[in-house]
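Secondary and tertiary structure notes
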Amino acid sequence: MLFYVITILVIIADQAAKWGVRSNMQLGETIQVWSGHLQFTYYENSGAAFSSFQGYGKYFAIIAVLFVAGIFYYRRKGELRGPILEAATGFLAGGAVGNAIDRVIYHQVTDFLVFGSRGGILNLADLAINAGGLLVVVHLLKEPLKRVMIRR
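Here is what the cut-offs are and how they apply
- Residues numbered from 1 in each chain as written.
- Predicted model: local features only at pLDDT ≥ 70, side-chain atom pairs only at ≥ 80, totals over all residues.
- Heavy atoms only, no water.
- UniProt positions renumbered as here; feature names shortened; annotations may be inferred.
- Pairing = 2+ DSSP bridges.
- Helix = DSSP H or I, 4+ residues; strand = E, 2+ residues; numbered from the N terminus.
- Expected span 1.5 Å × (residues − 1).
- Buried < 20%, exposed > 50% of the residue type's maximum accessible area, 1.4 Å probe, protein only.
- Lys, Arg positive; Asp, Glu negative; His and termini not counted.
- Salt bridge = Lys/Arg side-chain N within 4 Å of Asp/Glu carboxyl O.
- Contact = heavy atoms within 4.5 Å.
- Axes fitted to C-alpha atoms, helices over the stretch in contact; angles between N-to-C directions.
- Polar contact = N/O pair within 3.5 Å; in protein donor to acceptor, adjacent residues only side chain to side chain.

The chain goes by Lipoprotein signal peptidase in an unreviewed UniProt entry, where it is assigned to Paenibacillus sonchi. Annotation of the chain in UniProt includes, under Subcellular location (unreviewed entry), the sentence "Cell membrane". For the chain, the Catalytic activity (unreviewed entry) comment in UniProt is given as "Release of signal peptides from bacterial membrane prolipoproteins. Hydrolyzes -Xaa-Yaa-Zaa-|-(S,diacylglyceryl)Cys-, in which Xaa is hydrophobic (preferably Leu), and Yaa (Ala or Ser) and Zaa (Gly or Ala) have small, neutral side chains."

Right under this line is the structure:
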């Protein structure tokens, strides 16, 4: 259940935030939110991370669909169990679907979050994907860390 709740919340929050940016900002406009730490800059990315592969975004929509299908496949097999993996896969699926929606409808992804002075530009789906990846790492390290702690 946690998987579905997180997936749906990520998609809704991501799409609502992107709609808000597209509706209220001009392309290229920057709004300082927290000086030196966070700003909103409206950018449309037709490629992948770090603006690589510009113009090939539609292929990443296909990859996202295959990725989410893989998550559902392994969930059905029972290989993605436990609260950490439920949350991780929820964030990963929600982020992938959020960006895929943009790629299919707009042929590009709306980015707007800039952290720090040298940070890249992201959106909520990207943050969810990062959170999901971090939780996968936590899951992978959980057992080895338990063994180390038990030996002490």
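Remarks on the pairing of strand β1 (residues 30–34)
Bridging between β1 and strand β2 (residues 38–45) involves four bridges; their strand directions are antiparallel. By the bridge assignment for β2, W34 is matched with L38. Between β1 and β2, which pair antiparallel in sequence order, lie three residues; one of them, G36, sits at a positive phi of approximately 80 degrees.

Side note on helix α1 (residues 2–24)
Along its 23 residues, α1 runs 33 Å from first to last C-alpha, staying within 8% of the 33 Å computed at 1.5 Å per residue. Buried residues of α1: F3, I6, T7, V10, I11, D14, Q15, K18, G20, V21 and R22, and no others.

Looking at the side chain of D126
Within the secondary structure layout, D126 lies in helix α4 (residues 124–151). For the buried D126, no salt bridge is present, and the opposite-charge side chain at shortest range is R103, 6.4 Å distant.

Remarks on the sheet that holds strand β4 (residues 121–122)
Hydrogen bonds along the backbone pair up the strands of a sheet, which may run parallel or antiparallel. A sheet is described by the order of its strands in space; here four strands give the open sequence β1-β2-β3-β4, paired in antiparallel fashion. A strand with exactly one partner marks an edge of an open sheet, and here the two such strands are β1 and β4. Each of β2 and β3 (109–115) is contacted by α1, which is oriented at about 90 degrees to β3, the strand it contacts most.

Comments concerning the UniProt feature "transmembrane region" (unreviewed entry) in the chain
UniProt tags residues 56–74, 83–101 and 121–141 as "transmembrane region" (unreviewed entry). Secondary structure content for residues 83–101 is 100% helix and 0% strand, and the end C-alpha separation is 27 Å. Helix makes up 86% of residues 121–141 and strand 10%, and the two end C-alpha atoms of the span are 29 Å apart.

Let's talk about the pairing of β2
Of all eight residues making up β2, six are buried, and the element is well covered by its neighbours. Relative to β3, β2 is paired through six bridges, and the arrangement is antiparallel. Each bridged residue has a counterpart across the sheet, and for F40 the counterpart in β3 is L113.

Digging into the environment of E44
One can find E44 in strand β2. Here E44 falls in the buried class, since its relative accessible area comes to 13%. Measuring from C-alpha to C-alpha, the distance between E44 and P144 comes to 42 Å, with 100 residues separating the pair along the chain. The contact partners of E44, leaving out residues within four places of it in the chain, are R22, L27, Q108, V109 and T110. A polar contact is formed between the side chain of E44 and the side chain of Y42, at a distance of 2.7 Å.

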